Amino acid sequence: MYGMLYESVQHYIQEEYGMETWKKICQIVDCKHNTFKTHQIYPDKLMPDIAAALSACTGESFDFCMNFFGRCFVRFFSNFGYDKMIRSTGRYFCDFLQSIDNIHLQMRFTYPKMKSPSMQLTNMDDNGAVILYRSGRTGMSKYLIGQMTEVAKEFYGLEMTAYVIESQNDICGGTAGPIKLTEGPLTVVVKYRLDFDNRDYMAKRVNIVAHPTQLKMPSVDLNVFLELFPFTFVLNHDMKITLAGEKIIETWILHNPGVNPKTFIGTHVMDVFKCRRPKDTKIDWNTILQMRTVLFEMELIRTGHNRDAYDAALNMDYENFDEMSLNEAQTMALAKADEFEKEQEKEQEEAAATKHDEIDPATGQRRPSVGLRSILLKGQMFYIKDVDSLIFLCSPLIENLDELHSIGLYLNDLNPHGLSRELVMAGWQHCSKLEMMFEKEEQRSDELEKSLELADSWKRQGDELLYSMIPRPIAERMRMGQEHVCQSFEEVSVIFIEVMNIYDSGSTNVQEAMQAVNTLNKVFSALDEEIISPFVYKVETVGMVYMAVSGAPDINPLHAQHACDLALRVIKKVKSHNLPDVAIRVGINSGPVVAGVVGLKVPRYCLFGDTVNTASRMESSCDPWKIQLSNYTALKVRDVGYKVEARGFVKVKGKGDMETYWLLEGPEE
């Protein structure tokens, strides 16, 4: 089913029962779609499944829910302007019922993959009508009742009740279909009785009186019809062809080489044609009489496409046919026809191989291979009382010049008085325009894809820059509109690393300053490489000092170990660079802190608290190439195997004497 049907269901369930009910239904049916796209195809089973889920949530019956969905669809498609098409079908509700199949036929240009049902108006009276519904889908009979009820009420001002008289292969709903006892596809057949006030339509239908001038008109010979409509044929009560137009016979011979052309007349219509629309319709006299307003599509059955066989067949004397008595011209014609047929089969195979993936810009579907389409006739079946016969007034259904050539016809073969020729030429011109538009759209699509890729690249770069200033979790919370992003942590480990002997503050030499900047960049870049997120987070660099933290913003119970691991790695890393006169010293302390984003222009993630001050003092009182730990941090890591050495008491500004330790190495692996 197209997404438009599910759009209507989603919209009106949310409107009538609320968003929470729709979310609960989606959970029940395991629906992954947040929204439905109008022109996208979705599983047929989803509709009855949603109805069953709605029934479970609200306590309403399954039939009520399907009826509700049908009424919702009619209300919904009015927003797209389709209500105008329904209103224009006729003055009366019965006019609409007779035109349903024709409406579906027109809608297939907008929705080419639509699997529309077939509906036939079988009986009418003052109190309503009877319609016959055929479809390949199960569980939709109550959905149709909802549609019919809403159309009658909204567009024709009628109160209508409907019920099922007979049904075949229909089930209540759900994902299971009827049991198949045969390999062929099953057809759901349902006969409905529609009760409504139909007196105005019946009075108009019964009381029509012919104009006196028409009563004096002479009868028209059927040959006139056949000349005006060269693709027309006439059927008797047995549905056998009694008369046919010149072009339909020629086309039949062209598509069926070697067949006696005289056998076309007198053949049952279903032996030479396949009824494409209405689908699954029984082709007999009584059925066709009830479908005089329905448009039929009849596809000519073919066994081949061969111009030489066609020419040979026209010149063949089938009454005195004898293979031994063929004249030389006929023998050569048949031989040439056979040779031509083999060549054409080879060409068709090559064409199919080369055009297998060719896309039609008008439909977005693959184009059929050349020469594989049979002629399709579209028209109405009329009953002619004078000869007690049915006549199929029709024209070939051809979209463009390519299709015209593929079925072996030319423009001169089409009805000169109709619009067939103009439509074919217009379709060809329209197709050319569509191809140009399609190419432009493809170009725009490529440009848009490149722009989106570029935008994604810029977004990634922007995110990386943002996350370098603010931790990812904090940045995501700020994006969600949470202004207060201040957070307290019970215990973290703060690391300070100072680069020493880089620059003489008393120097005025620009070259020495630039050399100091380059050296500092090498050291800080080496430190950045050792930062392993989310175990350790780089907070900032101020002058020659590099600050990092473990345990914030991502809580980490092993913060002390990870901080010490970082310190040991950076000592080893910087030494490996062999930078002359350059040394580093590291100080670590553990304890509670408060962290948050500070500033608007260049926001930074900052740490506050006495723990930070003490860590800074551990670094400033440390010796080069050493790692100094506070007493608390040393005790935490010593218990898990880290080797530490007591330094003794160190006088710390603002703290007095503090016992500190040197970190020597990590635990043995």
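Note that the structure is predicted; figures quoted are calculated from it, not measured. (Residues numbered from 1 in each chain as written. Predicted model: local features only at pLDDT ≥ 70, side-chain atom pairs only at ≥ 80, totals over all residues. Heavy atoms only, no water.)

**A word on the overall build of the chain**
Inference 1: In terms of regular secondary structure, the chain is built from 22 helices and 18 strands.
Inference 2: Within the chain, the fraction of its 669 residues that count as buried is 44%.
Inference 3: Pairs at least 24 residues apart make up 67% of the contacts formed inside the chain by residues separated by at least 6 positions.
Inference 4: When the accessible surface of the chain is totalled, it reaches about 37,300 Å², and 52% of it is carbon and sulfur. (Helix = DSSP H or I, 4+ residues; strand = E, 2+ residues; numbered from the N terminus. Buried < 20%, exposed > 50% of the residue type's maximum accessible area, 1.4 Å probe, protein only. Contact = heavy atoms within 4.5 Å. Areas by Shrake-Rupley, 256 points an atom, 1.4 Å probe, with all protein chains shown as cover.)

**A look at a nonpolar patch on the surface**
Inference 1: A cluster of nonpolar side chains, contributed by Val594, Val598 and Phe608, occupies part of the molecular surface with about 240 Å² of accessible area.
Inference 2: Mapped onto the elements of the fold, Val598 is located in strand S14 (residues 583–598). (Patch = residues over 30% accessible without salt bridge, like charges linked within 9 Å, V, L, I, M, F, W, Y side chains within 5 Å. Salt bridge = Lys/Arg side-chain N within 4 Å of Asp/Glu carboxyl O.)

**A look at the environment of Leu54**
Inference 1: Following the sequence through the fold, Leu54 ends up in helix H3 (residues 46–58).
Inference 2: In the structure, Leu54 is positioned 10 residues away from Phe64 in sequence and 10.0 Å away in space, judged by C-alpha atoms.
Inference 3: The residues touching Leu54, leaving out its near neighbours within four places in the chain, are Ile13, Tyr17, Thr21, Ile25, Gly59, Cys65, Phe68 and Phe69.

**Re the packing of helix H4 (residues 62–77) against helix H7 (residues 141–156)**
Inference 1: At their nearest, the axes of H4 and H7 sit 7 Å apart, and the two run at 45 degrees to each other. Considered as vectors, H4 and H7 are oriented oblique to each other. At the point where H4 passes H7, the crossing takes the right-handed sense. In contact with Asp63, Met66, Asn67, Phe69, Gly70, Arg71, Phe73, Val74, Arg75 and Phe77 of H4, H7 contributes Lys142, Tyr143, Ile145, Gly146, Gln147, Glu150, Val151 and Phe155.
Inference 2: Looking at the contact of H4 with H7, its residues break down into 9 nonpolar, 4 polar and 5 charged. (Axes fitted to C-alpha atoms, helices over the stretch in contact; angles between N-to-C directions. Parallel < 35°, antiparallel > 145°, perpendicular 65-115°, else oblique. Left-handed = near helix turned anticlockwise from the far one by under 90°. Nonpolar A, V, L, I, M, F, W, Y, C, P; charged D, E, K, R; others polar.)

**Focus: the side chain of Thr614**
Inference 1: Here Thr614 is to be found in helix H21 (residues 610–620).
Inference 2: With relative accessibility at 6%, the residue Thr614 sits in the buried group.
Inference 3: In contact with Thr614, not counting residues within four places along its chain, are Asn589, Lys655 and Met658.

**Here's the deal with the pairing of strand S6 (residues 241–244)**
Inference 1: Bridge count between strand S5 (residues 233–235) and S6: 3 bridges; the pairing is antiparallel. Following the sheet pairing, Val234 is matched in S6 by Leu243.
Inference 2: Between the end of S5 and the start of S6, which pair antiparallel, lie 5 residues, with Met239 showing a positive phi angle near 60 degrees. (Pairing = 2+ DSSP bridges.)

**A look at the environment of Met270**
Inference 1: Within the secondary structure, Met270 is located in helix H12 (residues 269–272).
Inference 2: Through-space distance from the C-alpha of Met270 to that of Met239 is 8.4 Å; in sequence the pair is 31 residues apart.
Inference 3: Other than its neighbours up to four places away in sequence, Met270 contacts Cys275, Ile283 and Ile301.

**Here's the deal with the sheet that holds S5**
Inference 1: Strand order in the open sheet made by the 6 strands is S6-S5-S10-S9-S8-S7, with antiparallel pairing throughout. Each edge of the open sheet is held by one strand with a lone partner, namely S6 and strand S7 (273–277). With strand direction ignored, the average angle separating the axes of adjacent strands in the sheet is 35 degrees.

**Considering the nonpolar core**
Inference 1: Within the largest apolar cluster, 65 residues are counted, with the highest numbers of intra-cluster contacts made by Met47, Phe69, Phe93, Phe96 and Leu97.
Inference 2: Looking at this core, the element that brings in the most residues is H4, giving 10 residues.
Inference 3: If we ignore the near neighbours within four places in the chain, the residues touching Met47 are Met1, Leu5, Tyr6, Val9, Met66, Phe69, Met140 and Tyr143.
Inference 4: Grouped together as the second largest cluster of nonpolar side chains are 34 residues, Val499, Ile588, Ile627 and Tyr642 included. (Core = buried A, V, L, I, M, F, W, Y, C linked by side-chain atoms within 4.5 Å.)

**Looking at helix H6 (residues 93–107)**
Inference 1: For H6, built from 15 residues, the straight-helix expectation of 21 Å at 1.5 Å per residue is met to within 8% by its first-to-last C-alpha distance of 20 Å.
Inference 2: Its axis deflected by about 50 degrees at Ser99, H6 carries its strongest bend there.
Inference 3: H6 sits mainly inside the fold: 14 of its 15 residues count as buried. (Expected span 1.5 Å × (residues − 1). Bend = angle between axes of the 7 residues up to and from the residue.)

**Examining the confidence of the model for the chain**
In low-pLDDT segments, the atomic positions of the prediction should not be examined closely.
Inference 1: Taken residue by residue, the chain gives an average pLDDT of 78. The fraction at 70 or more is 76%.
Inference 2: Across the chain, element-level confidence peaks in strand S16 (residues 627–630) with a mean pLDDT of 95 and bottoms out in helix H14 (residues 307–314) with 46.
Inference 3: Note that pLDDT drops below 50 for residues 316–334; the model gives that stretch 18 contacts with residues more than four away or on any other chain. (pLDDT = per-residue confidence, 0-100.)

**Quick notes on H21**
Inference 1: By the burial criterion, the buried members of H21 are Thr611, Val612, Thr614, Ala615, Met618 and Glu619. An end-on view of H21 places all buried positions within 165 degrees of arc, on one side of the element. (Arc of directions from axis to C-beta.)

**Description of the state of the cysteines**
Inference 1: What the rule picks out here adds up to 0 disulfides.
Inference 2: For the unlinked cysteine Cys31, the closest cysteine sulfur is that of Cys26, found at 4.5 Å.
Inference 3: By relative accessible area, Cys31 is classed as buried at 13%.
Inference 4: Left unpaired, Cys65 is separated from the closest cysteine sulfur, that of Cys57, by 9.3 Å. (Disulfide = S-S within 2.5 Å.)

**Observations regarding the packing of aromatic side chains**
Inference 1: Within the structure shown, the criterion is met by 18 aromatic pairs.
Inference 2: Taking the centre distance of 6.0 Å and the plane angle of 80 degrees together, the rings of Tyr6 and Tyr42 count as edge-to-face. On the criterion of sequence distance, the pair formed by Tyr6 in helix H1 (residues 3–17) and Tyr42 in the loop between helix H2 (19–29) and H3 is long-range, its members being 36 residues apart.
Inference 3: Centre to centre, the rings of Trp22 and Phe36 are 6.4 Å apart; their planes meet at 70 degrees, and the pair counts as edge-to-face. Note that Trp22 is positioned in helix H2 and Phe36 in the loop between H2 and H3, a separation of 14 residues in sequence. Just as Trp22 is buried, Phe36 falls in that class too.
Inference 4: The rings of Tyr6, Trp22, Phe36 and Tyr42 are connected pair by pair, giving a single aromatic cluster.
Inference 5: One cation-aromatic arrangement involves Arg75 over Tyr12; the distance from NZ or CZ to the ring centre is 4.8 Å.
Inference 6: The ring of Trp662 has Lys626 sitting right over it, with the charged end atom 5.4 Å from the ring centre. (Phe/Tyr/Trp six-rings, centres within 6.5 Å; stacked < 30°, edge-to-face > 60°. Lys NZ or Arg CZ within 6 Å of the ring centre and 35° of its normal.)

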